[in-house]
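What the coordinates show
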Amino acid sequence: MSTESGRLPDNAESGRLRLGLVHGFTQTSACWGEFGGLLARSHEVVPIDAPGHGAGAPVVSDLWGAGSLVAARLGGGTLVGYSMGGRIAMHAALAGHQVDRLILISATAGIDDDSERWARRRADDALADHVEAVGVEEFVAEWLAAPMFSRLPPDPGCLAARRSNTATGLAMSLRTCGVGTQDPLWDRLGELTMPVLVLAGADDEKFTALAHRLANGIDHSELVVVPSAGHACHSEHPAAVAEIVVDWLSTDP
């Protein structure tokens, strides 16, 4: 894989697709950075604020509702979801909305074990209480200090966007769209009939294992594990991951 941004085609009208980008927790639609810009060279990019984030801060919704909202905002095309956004995109596709292709970055279909899922729900509820207690700026600093984000490059624009979120919105997202509230979807992956690209960073062992499981459960899927990358592989290596996505989108569905 090349890491040279010049490799991607400029303004390629032939085969130009509509891509809805759904961000991760604490981010907004302004957080796609270089990766989003590279995709926009050859495709129509539609960054979407998830419920509880950005312009969607006042929106209260569970994952199924969030999937319906982002599908309506896209109006047909390819959904690209990162982490929480990947789970939202998966719900949109499984709900039968018009999703021509699906790209899942560091995503999961949920927690199988009932006790583990309940424990995660309690943890998400406690985290929601915490963000409401300490405020967004302190919470974002704590969130980004987690080891899974240690490789993120400096991005003042995205940091400002994260801080522009509201404590109420982020807390709502944790309580209604957290992994603990999600019904496991592993048994439903066979219902995804559109082409699916599954991406994960090689150094993110947990989500690499989940990516393999996702790809194994989806008939028309391709798995790419990005070398020397962690959870936010598209932000850590934007040119390389954008090239993977653009190449995949250029193939016949």
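To keep things clear, this report deals only with the structure shown in the data block. (Residues numbered from 1 in each chain as written. Predicted model: local features only at pLDDT ≥ 70, side-chain atom pairs only at ≥ 80, totals over all residues. Heavy atoms only, no water.)

1. As for the packing of helix α4 (residues 114-134) against helix α5 (residues 136-144)
Their axes nearest at 7 Å, the elements α4 and α5 cross at an angle of 130°. It follows from the interaxial angle that α4 and α5 lie oblique. Contacts between α4 and α5 involve Leu-127, His-130, Val-131 and Val-134 on the former and, on the latter, Glu-138, Phe-139, Glu-142 and Trp-143. Of the residues contributing to the contact of α4 with α5, the split by class is five nonpolar, one polar and two charged. (Axes fitted to C-alpha atoms, helices over the stretch in contact; angles between N-to-C directions. Helix = DSSP H or I, 4+ residues; strand = E, 2+ residues; numbered from the N terminus. Parallel < 35°, antiparallel > 145°, perpendicular 65-115°, else oblique. Contact = heavy atoms within 4.5 Å. Nonpolar A, V, L, I, M, F, W, Y, C, P; charged D, E, K, R; others polar.)

2. A few points about helix α3 (residues 84-94)
The buried fraction of α3 amounts to 11 of the 11 residues, a majority that puts the element mostly inside the structure. Taken as a whole, α3 has its buried residues at Met-84, Gly-85, Gly-86, Arg-87, Ile-88, Ala-89, Met-90, His-91, Ala-92, Ala-93 and Leu-94. In this structure, the buried side of α3 is in contact with β1 (18-22), α2 (63-74), β3 (78-82), β4 (101-105), α7 (167-177) and α8 (205-217). With its phi angle positive at about 90°, Gly-96 sits one or two positions after the end of α3. (Buried < 20%, exposed > 50% of the residue type's maximum accessible area, 1.4 Å probe, protein only.)

3. Some thoughts on the sheet that holds strand β5 (residues 196-201)
Spatially, six strands are ordered β2-β1-β3-β4-β5-β6 in an open sheet, and the strand pairing comes out parallel. Strands with a single pairing partner mark the edges of an open sheet, and in this sheet they are β2 (44-48) and β6 (221-226). Put simply, the sheet's adjacent strands are angled 15° from each other on average, direction ignored. With four bridges joining them, β4 and β5 adopt parallel strand pairing. Note that in β5 the partner of Leu-102 across the bridge is Val-196. Most of the contacts of α2 go to β2, to which it runs at about 145°, and overall it touches β1, β2 and β3. (Pairing = 2+ DSSP bridges.)

4. A few points about the state of the cysteines
All told, the structure shown has one disulfide when counted by the stated rule. In this model Cys-31 forms its disulfide with Cys-158; the gap between the sulfur atoms is 2.3 Å. Note on the Cys-31 and Cys-158 pair: the S-S dihedral is about 95°, so by sign convention the disulfide is right-handed. Taken together, the residues span a long stretch of sequence, with Cys-31 in the loop between β1 and α1 (33-40) and Cys-158 in helix α6 (residues 156-163) at a distance of 127 residues. Here the two residues Cys-31 and Cys-158 agree in accessibility, since each one is buried. Just so you know, Cys-177 is unpaired, no disulfide at all, and the nearest cysteine sulfur is the one on Cys-31, 17 Å from it. By relative accessible area, which is 2% here, Cys-177 ends up buried. The thiol sulfur of Cys-233 is not disulfide-bonded, and the nearest other cysteine sulfur, from Cys-158, lies at 15 Å. (Disulfide = S-S within 2.5 Å.)

That is the geometry; function is a separate question.
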